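Spelled out, the chains give:
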Amino acid sequence: MLTLRSNLESSVAAQNELVRADLPSRFASISLVSVLSLHYLPVQMVGMVYLAYVLVEAIGLMVYRWLEHRVTWGGILLLCSSAFIGVWVFNAIPLLLFVQPEPFPKLIGVMLLIIALNHCVVARSAWMFFGVLTAVPIICAVGYMIFSFLNAFASPMENLIAAVILILGAAYVAHSMWALNRLTGRLRRALRDAKAGSRAKSRFLAAMSHEIRTPLNAICGMAELIEEEDVDPETRRERTALLRKSAQALTSILDDVLDHAKVEAGHFELSLAAAAPRLEIMSVVEMFRTSADEKGLRLDVSIGPGLPAYAEFDALRLRQVVGNLLSNAIKYTEAGHVSVAVSSEQDGGQSTLKIEVADTGRGMTAEQLSHLFTDFYRVEDKNAPSVPGTGLGLAIARRLAQMMGGDITVQSCPAEGSCFTFTCRVRVLEASEIVVDQSQSETPDQDESALDLGVKSILLVDDTRSNRMVVSAFLKKGDFEIIEATNGAEALSCLESRQVDLVLLDMKMPVMNGRETLTEMARRGGRIGATPVIMLTANAAPEDRAQYLALGAAGYIAKPVKKSVLLSEIRKVATGRDTQAA
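Only a predicted model underlies this, so the values are computations on that prediction, with no experimental measurement involved. Note on numbering: residues in each chain are counted from 1, in written sequence order. At least 70 in pLDDT is required for a residue's local features to be given in this predicted model, at least 80 for side-chain atom pairs to be given and counted, and no such filter applies to totals for whole chains, interfaces and linings, which use all residues. To obtain the side-chain values, all non-hydrogen atoms of the structure were included, while hydrogens and water were left out.

J.: Explain the environment of M128 here, please?
T.: The numbering of helices and of strands both runs from the N terminus, where a helix is a DSSP run of H or I of at least 4 residues and a strand a run of E of at least 2. Counting through the fold element by element, M128 comes out in helix α5 (residues 128–150). With 117 residues separating them in the primary sequence, M128 and S11 have C-alpha atoms 8.4 Å apart. Contacts are assigned to residue pairs that have any heavy atoms within 4.5 Å of one another. Residues contacting M128, with those up to four places away along its chain left out, are A174, M177, W178 and N181.

Structural data, given as structure tokens:
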């Protein structure tokens, strides 16, 4: 049996909707024309034509309802047949008026056919075939009128000219229908895309609301419980640990949302730099070892020979993809092990990294695998514990892999586990080309107990009191002075009155924001212009970091701030300042 193409089905559905919506005005118009034609035509003749027309429209009404429910070949055949017959029935009245001896009914007949042609162009071009099918009988009737009129006096050449003009007119009608068909087709597709976007937005908001409320519930609850004074130290530690994990979960959700938005908008770019593939992969694995140990899972790593010591690639995004695969493997595995196998295949100056992440977890069905990389899709199992997540991680990871010249594939079987294979292309570097970008690599935490950061005074500029409290608490054990300001104008006033070793500067503030403050510090020059600035901002996109550094900032930290990252960045900036001074 022939299957309906999706574009044909949508065209028929749109045309059926138009014809049905046009039925009341069409029926009323033809009823009025029938009544007016009684002035020239016998009642019996008009009555027979009108009854035939009513019968055709009644059949058409049933067909409209059928097609509204479901578009089938039988419904399409009935729609075309009823419309074709209906047009011929309608043509009977203009033709009967035209054959009258008086000139005025002839004119009325021609006018009615012109109106009918216009109706075909406007209301019957959603489906091109249907429009042409209903226009042909009207064009034939117009041709009959023209040549029967010319037959009495026109020469053969004049008849030929009339035929050419009629053909041109028919072609123009067809072209108008085609142009309108294309326009309505684009409008239908735009409407369909808009509805799909609206549904996706609703699913997105529902998913985000659920995922954000879960860690937020823990944060709010623990924040209340932590105020209790009669709590033993062990319970207090558990509550603070839960607070920290919930905050990290919120940060992960926000990162996924931002990455998804950038990928969808086409604003996502890789930041290529020299790095060590083995070091980057091992750092990700070690990051998840604690999570595996907590669930009693064995986490194995094997790195095959031939892995380049250094290569040019986006280390941050490679860690993001591997981290997503590892996180999912651990979350969906209740017992057994998770293994990471790394190999590479070199091709001239390029190398293809192959990273396999296998687990002994729940596994997936073929149906689940077919939707796995779809936005917001999450594998659900009613017989297993629910797993938190936005349903964006794998979709983002696969797009990143494809941007890196590779892909992510998966093999899985229910109750036997899954194996994800991530491939990406990197450029192998020789020893003379190696300049490792430390900003992309994870660095171990510094000893937080010894806060010798190389500075004696820090100016903390942020309009939000809670942000200043957090940063001040991170730095309270240090042997240095912390001065606070709530906007750029206050910061500049403070810098005018005294010298500070470092400025921690927020971006969005009233009165004078971070960008304006940086620009003004550079303009004033001297001691103020030489004071190093670390941007401490919620603008977390990679392009934001590059923008702030170009404006003269010495460092950059994206909120939420981790204590270890803050201390490391201050040390790095202070060390660079001391080196330049020497």
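J.: Looking at this model, I keep getting lost on the pairing of strand β4 (residues 337–347). Mind explaining?
T.: Within a regular strand, the side chains alternate between the two sheet faces. Here the rule is simple: two strands pair whenever DSSP picks up at least two bridges between them. Sheet topology places strand β2 (residues 298–303) next to β4; six bridges connect them, and they run parallel. Looking at β4, one finds that D300 is bridged to S339. The pairing of β4 with strand β5 (residues 350–359) spans ten bridges and is classified as antiparallel. Within β5, the residue paired with V338 across the bridge is D359. Between the antiparallel neighbours β4 and β5 lie two residues, among them G348 with a positive phi of about 70 degrees.

J.: Looking at this structure, how should I read the nonpolar core?
T.: Note on soluble globular proteins: their nonpolar side chains tend to be buried together. Formed by 43 residues in total, the largest nonpolar core has its most connected members in L326, I408 and F422. Secondary structure elements with two or more residues in this core: α8 (277–287), β3 (311–313), α10 (315–331), β4, β5, α12 (393–403) and β7 (417–428). Those residues in contact with L326 that lie beyond four places of it in its chain are V284, V285, F288, L299, V338, V340 and V357. Take the buried residues of types Ala, Val, Leu, Ile, Met, Phe, Trp, Tyr and Cys, join any two whose side-chain atoms come within 4.5 Å, and each joined set is a nonpolar core. Remark: exposure states derive from per-residue accessible area (1.4 Å probe, protein chains only) relative to the maximum for the residue type, with buried under 20%, exposed over 50%, and partly exposed in between.

J.: Would you mind going over the pattern of salt bridges with me for this structure?
T.: Opposite charge on two side chains lets them pair, provided their charged atoms get close. By definition here, a salt bridge exists when the distance from a side-chain nitrogen of Lys or Arg to a carboxyl oxygen of Asp or Glu is within 4 Å. Following the criterion strictly, the structure yields 15 salt bridges and no others. Across the pair E334 and R362 runs a salt bridge whose closest N-O atoms are separated by 3.5 Å. With a gap of 28 residues between them, E334 in the loop between α10 and β4 and R362 in the loop between β5 and α11 (366–371) connect regions that are remote in the sequence. Residue classification places E334 among the partly exposed residues on the basis of a relative accessible area of 40%. The class of R362 is buried, set by a relative accessible area of 15%. In this structure, R468 and E484 form a salt bridge, with 3.0 Å as the shortest nitrogen-oxygen distance. Residue R468 is located in helix α13 (residues 465–475), and its partner E484 is located in strand β9 (residues 481–485); the two are separated by 16 residues in the primary sequence.

So yeah, pure geometry; function would need other evidence.
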